[in-house]
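Chain residues, written in single-letter form:
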Amino acid sequence: MKKLKWDNLSSILLAITLALILWVYATYENDAPYTDIFSETITIQIQNQDVDMAVVDSVEETVQVTIRAFQSDWDTLTANSFRATADWGGLGEGVHTVPIVVTCSDPTVTIISVQPEAMYVELEPIISRTAQIDLRLTDEDSLALGYVLGTPAVSPTTVTISGPESVIEKVSSVRATLSLLDKSESIDQDVVLIALDANGEIVGGVTIYPEKTHVSIELEQTLTSREVAVRASTTGQPARGYFISGLSTDPATITVIGPPSIVEDMSGLISTVSEIDVTDATRMIAERLELDLPDEVTAIDENNEPLTEVLVTVEIDAITSGTTIEVPLTARDLSDGYEVELSVETVDVILTGPAVVIDELNTALVEAYVDLSGLEEGTHQLKTSVELLVAQNPNLADLVVTSISPAFVEVTIQSLATPTPTPTVKPSATPTRIATPAPTKNSTSP
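Just so it is clear, the structure is predicted and the values come from calculations on it, not from any experiment.

Participant: For the nonpolar core, give the residues involved together with the corresponding values.
Facilitator: Core analysis: the biggest nonpolar cluster contains 50 residues, and Ile254, Val256, Leu291, Leu351, Val366 and Leu399 have the highest contact counts within it. Counting residues per element, this core draws most heavily on strand β27 (residues 309–318), which supplies 5 residues. Non-local contacts of Val256, meaning those with residues more than four positions away in its chain, are made with Thr224, Ser225, Arg226, Val228, Val263, Met266, Leu293, Val297, Thr298 and Ala299. Within the second largest apolar cluster, 25 residues are counted, among which are Ile44, Leu77, Ala79 and Ile100.

Participant: So what's going on with the pattern of salt bridges? Residues and values would help.
Facilitator: Oppositely charged side chains may form a pair once their charged atoms are brought near each other. This model, assessed by the stated rule, comprises 6 salt bridges. One salt bridge connects Glu360 with Arg240, and the closest N-O pair in it is separated by 3.3 Å. Linking Glu360 in the loop between α5 (355–359) and β31 (366–371) with Arg240 in the loop between β19 (234–235) and β20 (242–250), this pair joins segments that are 120 residues apart in sequence. With respect to burial, Glu360 and Arg240 carry one shared label: exposed. Linking Glu387 and Arg332 is a salt bridge whose minimum nitrogen-to-oxygen distance equals 3.0 Å. Residue Glu387 is found in strand β33 (residues 385–388), and its partner Arg332 is found in strand β28 (residues 320–332); the two are separated by 55 residues along the sequence. Residue Glu387 is classed as partly exposed on the basis of its relative accessible area, which comes to 31%. One network of salt bridges, with partners in common, ties together Asp134, Arg136 and Arg175.

Participant: Run through the sheet that holds strand β35 (residues 408–415), naming residues and quoting values.
Facilitator: If you walk across this open sheet you meet the 3 strands as β29-β35-β32, and the pairing is antiparallel. The sheet is open, and its two borders are formed by β29 (338–342) and β32 (378–383), each paired with just one other strand. Going across the sheet, the axis of each strand differs from the next one's by a mean of 30 degrees, ignoring polarity. Bridging between β29 and β35 involves 5 bridges; their strand directions are antiparallel. The residue bridging Glu339 from the neighbouring strand is Gln414, located in β35.

Participant: Let's hear about the sheet that holds β27: which residues, and what values?
Facilitator: The 3 strands are arranged β20-β27-β24 in an open sheet whose pairing can be described as antiparallel. If you trace the sheet from one side to the other, it starts and ends with β20 and β24 (285–290), each paired once. Here the strands of the sheet are splayed against their neighbours by 25 degrees on average, with no regard to which way each runs. Of the pairings in the sheet, the one linking β20 to β27 comprises 8 bridges and is antiparallel in character.

Participant: So what's going on with the packing of aromatic side chains? Which residues, and what values?
Facilitator: Under the definition given, this model contains 2 aromatic pairs. Consider the rings of Phe38 and Phe82, whose centres lie 4.9 Å apart with planes at 50 degrees: the pair is tilted. Placement of Phe38 in the loop between β1 (34–37) and β2 (42–47) and of Phe82 in strand β5 (residues 82–87) is noted, with a sequence separation of 44 residues between them. For Phe82, a relative accessible area of 6% corresponds to the buried category.

Participant: Lay out the environment of Asp134 with the relevant residues and their values.
Facilitator: Structurally, the position occupied by Asp134 is in strand β9 (residues 118–138). Placed 20 residues apart in sequence, Asp134 and Val154 show a C-alpha to C-alpha distance of 9.6 Å. Sequence-distant contacts of Asp134, that is, excluding residues within four places in its chain, are made with Val174, Arg175 and Ala176. Separated by 3.3 Å, the side chains of Asp134 and Arg175 make a polar contact.

Participant: Could you give me a rundown of a negative patch on the surface, with the residues and numbers involved?
Facilitator: A cluster of acidic residues, Asp139, Glu140, Asp141 and Asp182, forms a negative patch at the surface. By the secondary structure assignment, Glu140 is in the loop between β9 and β10 (147–149).

Participant: If you had to explain the environment of Thr207 to someone new, which residues and values would you point to?
Facilitator: One can find Thr207 in strand β15 (residues 207–209). When the C-alpha positions of Thr207 and Ile168 are compared, they lie 9.5 Å apart, and in sequence the two are 39 residues distant. Once residues lying within four places of it in the same chain are set aside, the contact partners of Thr207 are Thr160, Ile161 and Ser162.

Rules and cut-offs
Every residue gets a number counted from 1 within its own chain, in the order that chain's sequence is written. Thresholds applied to this predicted model are a pLDDT of at least 70 for local features of residues and 80 or more for the giving and counting of side-chain atom pairs; totals over whole chains, interfaces and linings are not thresholded and use all residues. Values shown for side chains rest on all heavy atoms present in the structure; no hydrogens or waters enter the calculation. Nonpolar cores are built from buried Ala, Val, Leu, Ile, Met, Phe, Trp, Tyr and Cys residues. Side-chain atoms within 4.5 Å join them into one set. Burial here depends on accessible area, computed with a 1.4 Å probe over protein chains only, as a share of the maximum for the residue type. Under 20% is buried, over 50% is exposed, and the range in between is partly exposed. Helix numbers and strand numbers start at the N terminus; a helix is a DSSP run of H or I with at least 4 residues, a strand a run of E with at least 2. Any pair of residues with heavy atoms lying within 4.5 Å of one another is described as a contacting pair. We count a salt bridge whenever a side-chain nitrogen from Lys or Arg sits within 4 Å of a carboxyl oxygen from Asp or Glu. Strand pairing requires that DSSP identify at least two bridges connecting the strands. For helices, the axis comes from a line fit to the C-alpha atoms of the stretch in contact; other axes are also lines fit to C-alpha atoms, and the angle between any two N-to-C directions lies between 0 and 180 degrees. Classification of ring pairs uses Phe, Tyr and Trp, with its six-membered ring standing for Trp, and accepts pairs whose centres are within 6.5 Å; under 30 degrees between planes counts as stacked, over 60 as edge-to-face, and the remaining range as tilted. Identification of polar contacts relies on pairs of N or O atoms within 3.5 Å, with a donor-acceptor requirement for protein atoms, meaning one able to donate a hydrogen and the other able to accept it, and with residues adjacent in sequence counted only if both atoms are side-chain atoms. Like-charged residues are merged into a patch within 9 Å and nonpolar side chains (Val, Leu, Ile, Met, Phe, Trp, Tyr) within 5 Å, provided each residue has over 30% relative accessible area and no salt bridge. In this description, accessible areas are obtained by the Shrake-Rupley approach with a 1.4 Å probe, and a residue is regarded as covered only by the protein chains that are shown. Charged-residue counts in this description rest on Lys and Arg as positive and Asp and Glu as negative, His and the chain ends being excluded. A single reference atom marks each charge: NZ on Lys, CZ on Arg, CG on Asp, CD on Glu.

So, in structure tokens, the structure goes:
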């Protein structure tokens, strides 16, 4: 009976074992494990770091791992499934090699390799010392006009700097930099501090406490400024027939600077010390004239450069007039062997220009014509033209022909008439009698 029970038990255990083997085999067939590099990097966690020691150079921050895992596990693993640690416990000053240990929260995952396997770390004692704050003011030349800078007040004046000994030894100064660009009010602000070496380069890896300093500077307004217009004037009169058509200054407005009591009471116009003489002028005049500024007041241009003179320009133009004159019409460039007949003998010409030139106009210096160049026999409609004989009087260049009437004329070109030849009587050997005509009634004889 006992033997029968034992045989049954053995059979049951054998069946379970075989079933387990078959299950494992089937599982491996459908979900076989394989080895590969995990696609994500693992962040290294530093353990037991001595707070009194500082890292001199950078150290490895992540590792890459090669693992063996089931197919189904690869799809669920993330970087958080792994933990990479480096134990710095007991490390003193100097260079050390610290192994990197990687574990996985999934026990079925096998860590095959870690790259890198270790990190190299150089440690130095952390030291601290005090440093005087160096306040540097920049853009002082750009301070708002009329303002004077007071004595800066810095609080605190010293700070504590800490870091690796070799780094702290490089620090030459702790600087606060403040720009005065366009400042017109008293300064009262915090300024960030930076550590610099002897060459003025920033030193990294330094802790500054406090990180900022408070800077106070009073700005006193000793001068004030305002924008005013510039006015220029002339003396005399232009030549007969001419007038002043424009008067301008460059610049047209300026900035004046001076004590507030003087500048605020100034007029909005600044004149020039002298005037431009336009007596008998017929052309534009441009001169630089000195500004008439009160004592203790100066002027500047748009570039903040001192300004004592302005360019004054006076435009002189002729008084314009007009006239209508009758001018004989002529033909030009008629081809040989032709004669021409014009439909009109004169044209009316309207001229405009300076009155003085028109008043003294010699009409003989105005010619009207039609151009017959290249035209042959026939009747043509041609445009009339006018020429001013400027070579004989240069002032005619200022006149403008505004109208010619008629604008077109009819021109007839024909060949010259051929003269009738005279018959020649040849002498004859036999004299010819010429009959004398009988006298007619009412005729007289010689």
